[in-house]
Amino acid sequence: MKRLVILGGGESGVGTAILGKKKGYEVFVSDFGKIKENYKEILAINAIPWEDEQHTEALILNADVVMKSPGIPDNAPIVKKLIDLGTPVISEIEFAVQFTNALTVGITGSNGKTTTTLLTYHLLKQGGLNVGLAGNIGKSFAWQVAENKHDVYVLELSSFQLDGIINYKPHIAIITNLSPDHLDRYNYDYNLYIESKFRITKNQTEEDFLIIDNDDVEIKKWLQNNKINAQLIPFSLTENVENGAFITEQNLTSTINNDLFTMPINELSLEGKHNLKNAMAATAVSQLLKIRKQTIRESLSNFQGVEHRLEKVLKIQNVQYINDSKATNVNATYFALDSMTVPTVWIVGGVDKGNDYNELMSLVREKVKAIICLGVDNSKIISTFSNVVDVMVETTSMSEALKIAKHIAESGEAVLL
């Protein structure tokens, strides 16, 4: 019986544990932090041994294979020891994919990958495919594979997940764009981070597809210097591309294998240039998977990025106040911040549900000038963003928070709750 050790008892760790057990592995879960109560219960129900707040070497170093959660860096002492022993240390995606024949669409990039993933999922689902959503979003891929759920998966993949890939290949891969991110995990070397993203295509063959932003300087540079096997499908806002998506007059135009799709830009439900790119990428996937054009059009026009629209409440002294209090998770907040076009004062708080705010890092850096914390425990928000924004204030009442926001926000800026 092969021994599978899982480092990290979060969503991907527990999903992998369930799949591993089902496939006949001897499974052990070890988390250096605390495992959440609901996950402990699931491990207990499945009779899977676990430990938290420690890594017991005697129980880990005897593994045949180790699944490392994406949040654990490669230079963690226990990981280094495993690598020195020659033990395969892989990602959840790599472990799970060997147990499914499902076709996968893998989506990575520095920004916009969440929107592109949700939009692609929406298009394929509306198109009648039995499709699952996993990776960085929702229920873990391994967990869904354990339940034999879907024929197609749309996977949002971070560079950390791609680092743990040996054989995994998506049938369709998307790289939305590249900008310096998470460089602390890549020895502050941007090129290492870029290499990491391009691992998404390393196992692809000429029967697979790589969809890329043709306006992205770094992506183009990498492709000039490296050979890929997949069929390349570019999308661009600035030039007409062959076998890809571009803008003609006021239309989104996408030609894949001589199959032409067009749609007026003003009918898209998502606004903004970045969302036009996300729509192009998702459209290309839909065409490759033979979704009816009428369905693609309808889906692009009725897609609700999140359950609700941002609610513009009122404008005072040319400062726009926006109520997005329904954005209770990182993903919804991502959409809200992503749609801001002016410097923003962000009022944030509530109870921390083990959110990983790092996904918001690039957006906060770009759009947020001040954060007002209004919650029970703000320590995580403060530790994540304190060196990214100029102003960080804590308060306990909403009226106080709005007073502070009114002081900080200048004419032409916005306050987002």
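Placed above this text is the structure.
Because the structure is predicted, anything quoted here is derived from the model rather than measured.

J.: Can you explain the sheet that holds strand S3 (residues 50-52)? Please cite residues and give values.
T.: Judged by pairing direction, the sheet is parallel, and its 5 strands sit side by side in the order S3-S2-S1-S4-S5 without closing on themselves. Looking along the sheet, the strands with just one partner apiece sit at the ends: S3 and strand S5 (89-90). The strands that helix H1 (residues 11-22) touches are strand S1 (3-7), strand S2 (26-31) and strand S4 (65-68); relative to S1, the one it contacts most, it runs at about 170°.

J.: Outline the packing of aromatic side chains, supporting the account with residue identities and numerical values.
T.: We describe a pair of aromatic rings using the distance from one ring centre to the other and the angle between the two ring planes. Summed over all chains, the structure comprises 5 aromatic pairs. Ring geometry for Phe198 against Trp222: centres 3.7 Å apart, planes inclined by 10°, an arrangement best described as stacked. With Phe198 in helix H9 (residues 190-198) and Trp222 in helix H10 (residues 217-225), the pair connects residues that are 24 residues apart, well separated along the chain. Given the relative accessible area of 2%, Phe198 is considered buried. Trp222 gets classed as buried once you look at its relative accessible area, which sits at 12%.

J.: Explain helix H6 (residues 113-126) to me, using residue names and the numbers behind them.
T.: Its 14 residues place the ends of H6 20 Å apart at the C-alpha level, agreeing with the 20 Å of an ideal helix rising 1.5 Å per residue. Buried residues dominate H6, accounting for 12 of its 14 residues. A positive phi of about 90° marks Gly128, the residue just after H6.

J.: So what about the pattern of salt bridges? Which residues, and what values?
T.: Applying the stated criterion to the full structure yields 16 salt bridges. Between Asp208 and Lys169 there is a salt bridge; the shortest N-O distance is 2.9 Å. On the criterion of sequence distance, the pair formed by Asp208 in the loop between H9 and strand S10 (209-213) and Lys169 in the loop between helix H8 (159-163) and strand S9 (172-175) is long-range, its members being 39 residues apart. Note on Lys169: relative accessible area 34%, which makes it partly exposed. Put simply, Lys369 and Glu410 hold a salt bridge, and the shortest N to O gap is 3.2 Å. On the criterion of sequence distance, the pair formed by Lys369 in strand S18 (residues 368-373) and Glu410 in the loop between helix H16 (398-408) and strand S20 (414-416) is long-range, its members being 41 residues apart. Lys369 gets classed as buried once you look at its relative accessible area, which sits at 18%. On the accessibility criterion, Glu410 (49% relative accessible area) is partly exposed. Look at the salt bridges and you will find they share partners, linking Glu37, Lys40 and Asp52 into a network.

Basis of the calculations
Residues numbered from 1 in each chain as written. Predicted model: local features only at pLDDT ≥ 70, side-chain atom pairs only at ≥ 80, totals over all residues. Heavy atoms only, no water. Pairing = 2+ DSSP bridges. Helix = DSSP H or I, 4+ residues; strand = E, 2+ residues; numbered from the N terminus. Contact = heavy atoms within 4.5 Å. Axes fitted to C-alpha atoms, helices over the stretch in contact; angles between N-to-C directions. Phe/Tyr/Trp six-rings, centres within 6.5 Å; stacked < 30°, edge-to-face > 60°. Buried < 20%, exposed > 50% of the residue type's maximum accessible area, 1.4 Å probe, protein only. Expected span 1.5 Å × (residues − 1). Salt bridge = Lys/Arg side-chain N within 4 Å of Asp/Glu carboxyl O.

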